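# What the coordinates show
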Amino acid sequence: MEYRGPRDALFFYLFINGVFISLQNKEEVLLDMKASGAELGWLKSPDENGWEISQQVLNGSLHYNYFVCNVESPSGQENWLRTTFIQRQPAASRVFVELRFIVRDCNTFDGASQTCKETFNLFASESDVDIGTSFRKGQFRKVATIAPDEISHRGEIKINTETKVVDGLSRKGFYLAFQDIGACVALFSVRVYYKTCPTTVKGLASFPETVASGEALRKVTGACVENAVSEDQPLIFCTTDGEWVVPMGQCQCLPGYEPVDDACRECSSGSFKSAVSSGRCEACPENTEPSSPGALICPCKEGFYRAPTDPSSTACSGLPSEPLNLAATMTTAAAGRLTLSWNPPLDTGGRSDLVYSVTCERCEGASCQSCGERVRFEPASSGLHETVVTVSELEPHLNYTFGVEARSGVSQFSSRRASSSVTTTLHFTDPPKVTSIQLDERSTTSLSLSWSVRKPVPITTRYQLMFRRKDSIEGTDPAVTTYTVLFLDKNTVQVTDLSPATAYVFRVQVLNAEGNPGSDGLEREFSTMTKDPSQANTSVILGAAVGGGAMLLVVVVVLLLHRRRRSSHTRQGPEDTYFSSPEQLKPLKTYVDPHTYEDPNAAVLRFASEIHPNHITKQKVIGAGEFGEVYRGILKVPGRKETAVAIKTLKPGYSEKQRQDFLSEASIMGQFTHENIIRLEGVVTKFKHAMIVTEYMENGALDKYLKDHDGEMSSFQLVGMLRGIAAGMKYLSDMSYVHRDLAARNILVNINLECKVSDFGLSRVLEDDPEGTYTTSGGKIPIRWTAPEAIAYRKFTSASDVWSFGIVMWEVMAFGERPYWDMSNHEVMKSINEGFRLPAPMDCPSAVYQLMVQCWLQDRAKRPRFPDIVSILEKLLKSPESLKAIADFDPRVSIRLPSTSGPDGSPFRSVSEWLESIKMSQYSANFSCAGIISMDQVLQMKTEDIKNIGVRLPGHLKRIAYSILGLKDQTSTLSVFAV
Ligand code: AMP
């Protein structure tokens, strides 16, 4: 095509325009010459002989262009063409000017090569107002020289496209101007635009359309799409070219939703998603019921469970079956040792976290009792992963019944036990026996003895040495013989303060595991040396000092010796009568009050084992007791498995009395062996810093645990916890131990949600309990947990513990709510005496509430006993449908009545005051963000609305909904449930 002046140029432009121009959605056009047609109205200076407009009809449409071609004027050219006022968008400080033009080759104009130019200039001028037709070139700044990439030779048309940037714009608008200085130019198109980053969704966050900044990246904050959240505010950057780069703060779909395209879609039925994540919904795992749409978890089928630590994606598991082929094999009968072994259950319930625990019962005739601490299990009696355990320190001729139970992470959810048992009797071939007593040294006032025992003897063997003067002592009843008794843990002794030249009868017996002497004692006579004349006459046995052996306890006993028996003196002599009296032989199954020990240290030594502090590593403070800090730590006794422990310490500066009080807890705890009583590992008493070491309970105190998991546990789980506490209390009451301070704060919870009774003080009972209040009957009492007779006249019995257990039941079912809310102690006592009782907590099974109310009967004889409580709770757990009937619940009563009014009785002044009163302050922001700022609006809310503002936990949802219900019924009055 040959170029024939401006008209040709216009045609060409249109043609090109039709083929190549495409609109980019991220370009916001401020001016388009092509679109303006004849209305362009651009200013020319000079008006004549400079730039000219031409038009052409093409396909029925008019098209315009500007051209100038004064190449041969010797006087030089300066022709201006100025656009109309271009309004600027406030954020668009940088605009693009796209020009389409042709420039004619100067060589095609004969004789004009001196004056002809092949470039023209682009100018711009900013202004806040449209200055109309006034044009002053001095106000324009040069933006660029526009040079063609290709000039058009004769017979050619070469269209150039150039885009120039006009930057740093700040005023309301601007003009562009094209300065021709003697070229042959046709301007086909001028398009002025700025760039934007378009509205977009990236990483489930939506970002608004944003004008590209002139200088650098522009930071833009976004918002997560519906049903998505992110920890950090989503961010992205808009480049100067209008491109989004570097998105940050990825949004993730809420539980129950999965990302599909740029949105979060509800999980379909039969699938679930339990966490905030960018993952997809997963199909319900094995042994679950199909879920409904939007499910967070697929519920387990009946008879299948999930352990608290199981991820929701794992299959629900069944309970294990019982261990197989349990057998007891005698290894060393002489040392009272046997090996229990068994095979894993046939059915593990699909779990790999099986552990075994071994129980031991010893029967002497018809009387059976738990073996307690009297036998030793290696490596341990519970938490076993292996299927073999060694049991030692067994006694001869007793029947032992061993049970082995297989438990998995889900066993806690069912009362069904998977255990096998085996009964065996040990016939010791060679019980330890004293075979000889030797005199090692003697003086006028002392005798040093040692004795031999038929091997093998456990190193822990202790001995009883009794001695008396051989002749009768003046002034004593002949029917009575006074013995001095020493308990020794070595087979040597030096007895001092004896009379010279006097014969003494010594009898040595091996003590059995219960601390009672066996029937195998040996008796010998030894005399002190003849009196040294220089020494005074000592005629009375004053006692004994011990040299070689460690003397543990000295008591003087009076033996009533019947002549008849005396005359038939045998090994089973009168001394044995004392020790084998029915009282003495009675199995140690009642609790021994450490106070009855004259020396409290002896009580600690008897009931607790000493640990070397080097075997204890403290890791972290987890609580504060009355005597000092409580630590989490590790106990590593050589030859034993490392165990996590809690370490109670005694703070420096203690008095001896405080030390004894501190250790008395160990003396008490050490007497108990039960899976629902906190287990004592041992004590440190021989070093400056006394410590009590117990098993570690990962979830800490029950009251706090419940508050932290409000609404997250089912009634079945809560009743399971109560069953454990009741079982522990049954054990204590069987041992005639009265706890006196049973409350959820004194129950500890482990990782498997097993509950164990703790806090066994003595003189410190209640002293360290912040709930302890001084009463008129003296002493500190936690009023809200204590039975009326114990408050009134300190009648503390297992029946008063049952009352406290009822309060613990209430605390548990109310997720750690404070009993009687903020009523004063005085009000509590008054209303109890008037026959009022706590009302049923929300969602409390009727059967559970009835049991609580029974625990609170005024007549303590009518209250259930712990064995009854355990069996009632077990029955409820065996038939979970019995938990379905829910006790009547009155929100106005059960949720701290101020839900109908503020603290001073007036209606609530604000939404936050109301939320605080029902302990739901954590949702204040949800209410305000949803625009719920007045109590009138609150009253209009339906359950669905509460859910929609983000209250998802069922317990919280109910609490808020019930409270609103209560608010609506202003006629009700505050009352505590009367029984
Ligand atoms: P106490 O002096 O027994 O009341 O203990 C004070 C606090 O220490 C308790 O409230 C628990 O939080 C914590 N604590 C005590 N014993 C244990 C334990 N065996 N395992 C875990 N935490 C414990």
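Residues numbered from 1 in each chain as written. Predicted model: local features only at pLDDT ≥ 70, side-chain atom pairs only at ≥ 80, totals over all residues. Heavy atoms only, no water.

### A closer look at the site of the ligand
Around the ligand sit 14 residues, and of these Ala 646, Lys 648, Thr 694, Glu 695 and Met 697 come closest. Between the ligand and Thr 694 there is a distance of 3.2 Å, counted from a nitrogen atom to a side-chain nitrogen or oxygen. Here an oxygen atom of the ligand sits 3.5 Å away from a polar atom, N or O, in the side chain of Asp 759. If the ligand stood free it would expose 480 Å²; the protein chains cover 84% of that surface. Secondary-structure elements contributing two or more residues to the shell around the ligand are strand 42 (616-624), strand 44 (643-649) and strand 46 (691-695). For the shell around the ligand, the element with the highest residue contribution is strand 42, accounting for 3 residues. Here the shell around the ligand is built from residues that sort into 8 nonpolar, 3 polar and 3 charged. (Near = heavy atom within 4 Å. Polar contact = N/O pair within 3.5 Å; in protein donor to acceptor, adjacent residues only side chain to side chain. Areas by Shrake-Rupley, 256 points an atom, 1.4 Å probe, with all protein chains shown as cover. Helix = DSSP H or I, 4+ residues; strand = E, 2+ residues; numbered from the N terminus. Nonpolar A, V, L, I, M, F, W, Y, C, P; charged D, E, K, R; others polar.)

### Section: the sheet that holds strand 14 (residues 205-207)
Pairing is antiparallel in the open sheet, where 3 strands are placed in the order 13-14-17. Of all strands in the sheet, those bounded by a partner on one side alone are strand 13 (200-202) and strand 17 (223-224). The pairing of strand 14 with strand 17 spans 2 bridges and is antiparallel. The residue bridging Ala 205 from the neighbouring strand is Cys 224, located in strand 17. (Pairing = 2+ DSSP bridges.)

### Describing the packing of helix 11 (residues 798-813) against helix 13 (residues 846-855)
For the pair helix 11 and helix 13, interaxial distance at closest approach is 7 Å and the crossing angle is 150 degrees. The angle between the axes of helix 11 and helix 13 places the two elements in the roughly antiparallel class. The handedness of the crossing between helix 11 and helix 13 is left-handed. From helix 11, Val 802, Trp 803, Gly 806, Met 809, Trp 810 and Met 813 reach across to helix 13, where they touch Val 848, Leu 851, Met 852 and Cys 855. Per-class residue counts for the contact of helix 11 with helix 13 are 9 nonpolar, 1 polar and no charged. (Axes fitted to C-alpha atoms, helices over the stretch in contact; angles between N-to-C directions. Parallel < 35°, antiparallel > 145°, perpendicular 65-115°, else oblique. Left-handed = near helix turned anticlockwise from the far one by under 90°. Contact = heavy atoms within 4.5 Å.)

### Observations regarding the nonpolar core
In terms of nonpolar packing, the biggest core is built from 84 residues, with Phe 672, Leu 702, Ile 725, Phe 760, Phe 805 and Leu 873 touching the most fellow members. For this core, the element with the most residues is helix 9 (residues 715-734), which contributes 10 residues. Core analysis: the second largest hydrophobic core is formed by 32 residues, Leu 31, Trp 42, Trp 51 and Ala 92 among them. (Core = buried A, V, L, I, M, F, W, Y, C linked by side-chain atoms within 4.5 Å. Buried < 20%, exposed > 50% of the residue type's maximum accessible area, 1.4 Å probe, protein only.)

### Points about the pairing of strand 42
As judged from the 7 bridges shared by strand 42 and strand 43 (residues 629-635), these two strands associate in the antiparallel manner. Among the inter-strand pairings, Ala 624 is bridged to a residue of strand 43, identified as Glu 629. The hairpin turn running from strand 42 into strand 43, its antiparallel successor, is 4 residues long.

### What about the confidence of the model for the protein chain?
Per-residue confidence for the protein chain gives a mean pLDDT of 81; residues scoring 70 or more make up 81%. Contacts for the low-pLDDT stretch residues 894-900, under 50 throughout, to residues beyond four places or in other chains number 34 contacts. Long-range and interchain partners of residues 970-979, a stretch whose pLDDT sits below 50, account for 25 contacts in this model, where long-range means more than four residues apart. (pLDDT = per-residue confidence, 0-100.)

### What to know about the pattern of salt bridges
In total, this model carries 31 salt bridges according to the counting rule given. When the shortest N-O distance is used, the salt bridge between Glu 695 and Lys 756 registers 3.0 Å. Of the two residues, Glu 695 sits in strand 46 while Lys 756 sits in strand 48 (residues 755-757), which places them 61 residues apart along the sequence. Taking the relative accessible area as the measure of exposure, Glu 695 reaches 8% and is therefore buried. Note on Lys 756: relative accessible area 8%, which makes it buried. With a shortest N-O distance of 2.9 Å, Arg 863 and Glu 789 are connected by a salt bridge. Placement of the pair is Arg 863 in the loop between helix 13 and helix 14 (866-878) and Glu 789 in helix 10 (residues 788-793), with a sequence separation of 74 residues. The buried category is assigned to Arg 863, whose relative accessible area is 2%. Overlapping salt bridges bring together Arg 679, Glu 681, Glu 695 and Lys 756 as one network. (Salt bridge = Lys/Arg side-chain N within 4 Å of Asp/Glu carboxyl O.)

### A closer look at the packing of aromatic side chains
Within the structure shown, the criterion is met by 28 aromatic pairs. Summarising the aromatic geometry, the rings of Tyr 591 and Phe 672 are spaced 6.3 Å apart at their centres and angled 35 degrees between planes, so their arrangement reads as tilted. Separated by 81 residues along the polypeptide, Tyr 591 in the loop between helix 5 (582-585) and helix 6 (600-607) and Phe 672 in the loop between helix 7 (656-669) and strand 45 (680-684) bring together distant segments of the chain. Comparing Tyr 591 with Phe 672, the two get one shared label, buried. For the ring pair Phe 672 and Tyr 737, a centre distance of 5.3 Å and an interplane angle of 65 degrees mean the geometry is edge-to-face. Residue Phe 672 is located in the loop between helix 7 and strand 45, and its partner Tyr 737 is located in the loop between helix 9 and strand 47 (747-749); the two are separated by 65 residues in the primary sequence. Put simply, the rings of Tyr 591, Phe 672, Tyr 731, Tyr 737 and Phe 760 touch in pairs and so form one group of aromatic residues. Above the face of the Phe 96 ring, Lys 195 is positioned so that its terminal group lies 4.5 Å from the ring centre. Over the ring of Tyr 631 we find Lys 618; its NZ or CZ atom is 4.8 Å from the centre of that ring. (Phe/Tyr/Trp six-rings, centres within 6.5 Å; stacked < 30°, edge-to-face > 60°. Lys NZ or Arg CZ within 6 Å of the ring centre and 35° of its normal.)

### Side note on the UniProt feature "active site" (unreviewed entry) in the protein chain
Here the UniProt feature "active site" (unreviewed entry) sits at Asp 741. Checked against the element boundaries, Asp 741 lands in the loop between helix 9 and strand 47. (UniProt positions renumbered as here; feature names shortened; annotations may be inferred.)

### Thoughts on the state of the cysteines
In this structure the tally under the stated criterion is 10 disulfides. Linked covalently through their sulfurs, Cys 267 and Cys 281 form a disulfide whose S-S length is 2.0 Å. Its torsion about the S-S bond being -80 degrees, the disulfide of Cys 267 and Cys 281 is classed as left-handed. Residue Cys 267 is found in the loop between strand 23 (263-266) and strand 24 (271-272), and its partner Cys 281 is found in the loop between strand 24 and strand 25 (282-283); the two are separated by 14 residues along the sequence. Classification of Cys 281 by relative accessible area gives buried; the value is 15%. (Disulfide = S-S within 2.5 Å.)

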